[in-house]
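Working through the structure, step by step
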Amino acid sequence: MPAEKSSAVRSRRPAPPRGAGRGSRPSRPRRGSGVRGLYEQARRAWDRPLTAYYVILGASLLITVLGLVMVYSASMIKALTIDKSSTYFFGKQFVAAVIGGTLMLIASRMPVKLHRALAYPMLMVTVFLMVLVQVPGIGMSVNGNQNWLYLGGPFQIQPSEFGKLALILWGADLLARKQDKRLLTQWKHMLVPLVPVAFMLLGLIMLGGDMGTAIILTAILFGLLWLAGAPTRLFAGVLGFAAAIAFLLIWTSPNRMSRLSCMGIIGEPDPDDGCWQAAHGIYALASGGWFGSGLGASVEKWGQLPEPHTDFIFAITGEELGLAGTLSVLALFAALGYAGIRVAGRTEDPFVRFAAGGVTTWIMAQAVINIGAVLGLLPIAGVPLPLFSYGGSALLPTMFAVGLMIAFARDDPAAKAALAMRRPGVRWKTMRRRITKRPSGER
């Protein structure tokens, strides 16, 4: 009887699923395939804590290195025409890149409190240097702009480039303190003293005739006001006032009017015409094709394009590297800008939000204005392509600002935890299993 009962119980047990043998494994849900699967993987990768940190670091370094290569290629003929060696401009840019890389490393390791402490000293030193530029015998003029200080030898500095960084740090600290005290709901606290100080910097820049730098500084001011939550009517009022001043300055300057008239230029201008540079920038891009004529094989840099290594280096890039090269540069700037937006959007520290948003506005606005001028879509403003064009005065503060963004990306709590897990020895200690010792011979 017990044998019959046990056999009946065995007969009532459910049969194992088909194909589930001794070596079978439990089935797992299939991952999405095709475009949807790639999208999900990319979205998960972008949501990782250290993504913004690596994107900012990688994109900025790639832009700088590619810029060094293109500065060497675009400036060789220009250097030979002034009786210098072919590596003259490249050597100066390389030294600036090394110094800028050191500043970026220092800025990336500095705590946020120290960045805030530097805001007021940096603003005061920058204003002092910008005033010195206008003193006869101290300041010097380059290409008609009185915005330079001579440092000795082949080196000179443009203080207005450091004014962009000073305005961002000081403005971010000011707005953060006012937000902590809940004062940004009043329009007078939102505008004063941010707008008067910004207009003071704009006035000092415009005394030297540098309209391009003034446009970038205005974009930074509007970016800070937008991040501070300025109402539409207040934002529109400040924008309208700035537009009226810009129109007056352009209308009263024949040089600026000629640059404005070069938008969408068609045909062959005269060499003495102000549109000569804009037209030959288009010629350089058009002759590049899909993959360019080859590195160093540009034709326009042989005296046709007046500024091949500074304002119009993007045109030489298109001629030598083609559409593939220009799209690569655009993709790197897009990645840098998107990572900056992510840093500004995910933080709970108001200073980090304002500073990261201001730096992103600065780099993206300057890149759009430079590339738009080369493409003939915007007037020639005379601003360099950030991290890419020749010019140490522009490269140093920009690399410090990138280090600032890296510091903000590292300061995120999730990023801190992820970086702590990657330190030597931490992963082994946290991942190994603890096994109690047993006497010898015991299993």
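Structure first, text after, so check above.
On a predicted model such as this, the values are computed, not experimentally measured, just so you know. (Residues numbered from 1 in each chain as written. Predicted model: local features only at pLDDT ≥ 70, side-chain atom pairs only at ≥ 80, totals over all residues. Heavy atoms only, no water.)

**Topic: the environment of Gly137**
Put simply, the test is: Only DSSP runs of H or I covering at least 4 residues are called helices, and only runs of E covering at least 2 are called strands; the numbering of each starts at the N terminus. Whether a residue is buried, partly exposed or exposed follows from its accessible area with a 1.4 Å probe, protein chains only, as a fraction of its type maximum: under 20%, in between, or over 50%, in that order.
Within the fold, Gly137 resides in the loop between α6 (119-133) and β1 (139-142). Residue Gly137 is classed as exposed on the basis of its relative accessible area of 80%.

**Topic: the side chain of Glu307**
What counts here: When charges are counted, Lys and Arg are positive and Asp and Glu negative, with His and the chain ends excluded. When a carboxyl oxygen of Asp or Glu lies within 4 Å of a side-chain nitrogen of Lys or Arg, that pair is called a salt bridge. Each polar contact in these results corresponds to two N or O atoms within 3.5 Å; when the atoms are within protein, one needs to be able to donate a hydrogen and the other to accept it, and residues that are neighboring in sequence are counted only if both atoms are side-chain atoms. Whether two residues are in contact is decided by their heavy atoms, any of which lying within 4.5 Å being enough.
Residue placement: Glu307 occurs in the loop between α13 (276-288) and α14 (313-346). Although Glu307 lies buried, it forms no salt bridge, and the closest oppositely charged side chain, Lys78, sits 5.0 Å away as judged by the N-O distance. Within polar-contact distance, the side chain of Glu307 engages the side chain of Thr310 at 3.0 Å. Among all residues touching Glu307, those that are not within four sequence positions of it are Asn143, Gln277, Phe312 and Ile313.

**A word on the packing of α13 against α14**
Geometry of a packed helix pair, given as the angle between the helix axes and the separation of the axes. What counts, and what does not: An axis is simply a line fitted to the C-alpha atoms; with a helix, the fit covers only the stretch in contact. Between two such axes, the angle follows the N-to-C directions and lies from 0 to 180 degrees. Should an angle lie under 35 degrees it is considered roughly parallel, over 145 roughly antiparallel, and from 65 to 115 roughly perpendicular; all remaining angles are considered oblique. Left-handed describes a crossing in which the near helix is turned anticlockwise from the far one by less than a right angle; the clockwise case is right-handed. Three residue categories are used. Nonpolar comprises Ala, Val, Leu, Ile, Met, Phe, Trp, Tyr, Cys and Pro, charged comprises Asp, Glu, Lys and Arg, and polar comprises the others, including Gly.
Interhelical geometry of α13 versus α14 gives an angle of 30° and a closest axis separation of 7 Å. Judged by the inter-axis angle, α13 sits roughly parallel to α14. α14 is crossed by α13, and the crossing has right-handed handedness. Between α13 and α14, the contacting residues are Gly281, Ala284, Leu285, Ser287 and Gly288 on the first element and Phe314, Ala315, Gly318, Glu319, Gly322 and Thr326 on the second. For the contact of α13 with α14, the class distribution of residues is four nonpolar, six polar and one charged.

**Considering the packing of aromatic side chains**
This is how the line gets drawn: Ring pairs are drawn from Phe, Tyr and Trp, using the six-membered ring of Trp, whenever the two centres fall within 6.5 Å, and their geometry is named by plane angle: stacked under 30 degrees, edge-to-face over 60, tilted for the rest.
Applying the stated rule across the entire model yields eight aromatic pairs. Taking 6.4 Å as the distance between ring centres and 80° as the angle between the ring planes, the aromatic pair formed by Tyr120 and Trp170 counts as edge-to-face. Of the two residues, Tyr120 is situated in helix α6 and Trp170 in helix α7 (residues 159-180); the sequence distance between them amounts to 50 residues. Aromatic pair Phe199 and Phe241: ring centres 5.7 Å apart, planes at 10°, arrangement stacked. Here Phe241 lies in helix α11 (residues 232-251) and Phe199 lies in helix α9 (residues 194-207), a separation of 42 residues in the sequence. Residue Phe199 is classed as partly exposed on the basis of its relative accessible area of 26%. Connected via pairs of aromatic rings, a cluster forms that spans Tyr72, Phe90 and Phe94.

**Observations concerning the nonpolar core**
Quick note on the threshold: By convention a nonpolar core is built from buried Ala, Val, Leu, Ile, Met, Phe, Trp, Tyr and Cys residues, the set being connected through side-chain atoms within 4.5 Å.
Leu194, Leu225 and Phe408 are the most contacted members of the largest nonpolar core, which totals 108 residues. Residues contacting Leu194, with those up to four places away along its chain left out, are Leu167, Trp170, Gly171, Leu174, Leu175, Leu221, Leu224 and Leu225.

**Describing α7**
Counted only if it meets this: Multiplying 1.5 Å by the helix residue count minus one yields the expected span of that helix.
The end-to-end C-alpha distance of α7 is 32 Å, a good match for the 32 Å that 22 residues give at a rise of 1.5 Å each. Within α7, 18 of the 22 residues are buried, which leaves it mostly tucked inside the rest of the structure. Of the residues trailing α7, Arg182 is marked for its positive phi of about 60°.

**Topic: unusual backbone geometry**
For residues that are not glycine, phi is negative in most cases, and the peptide bond is trans in most cases. Of the consecutive residues Val192 and Pro193, the connecting peptide bond is found in the cis state with omega at 0°. As for its position among the elements, Pro193 is in the loop between α8 (187-191) and α9. Even without glycine at this site, Asp83 takes up a positive phi of about 60°. By secondary structure assignment, the location of Asp83 is in the loop between α3 (51-81) and α4 (88-109). For Asp83, a relative accessible area of 73% gives the class exposed. A positive phi angle is found at Arg182, which is not glycine, with a value near 60°. Counting through the fold element by element, Arg182 comes out in the loop between α7 and α8. Given a relative accessible area of 70%, Arg182 falls into the exposed group.

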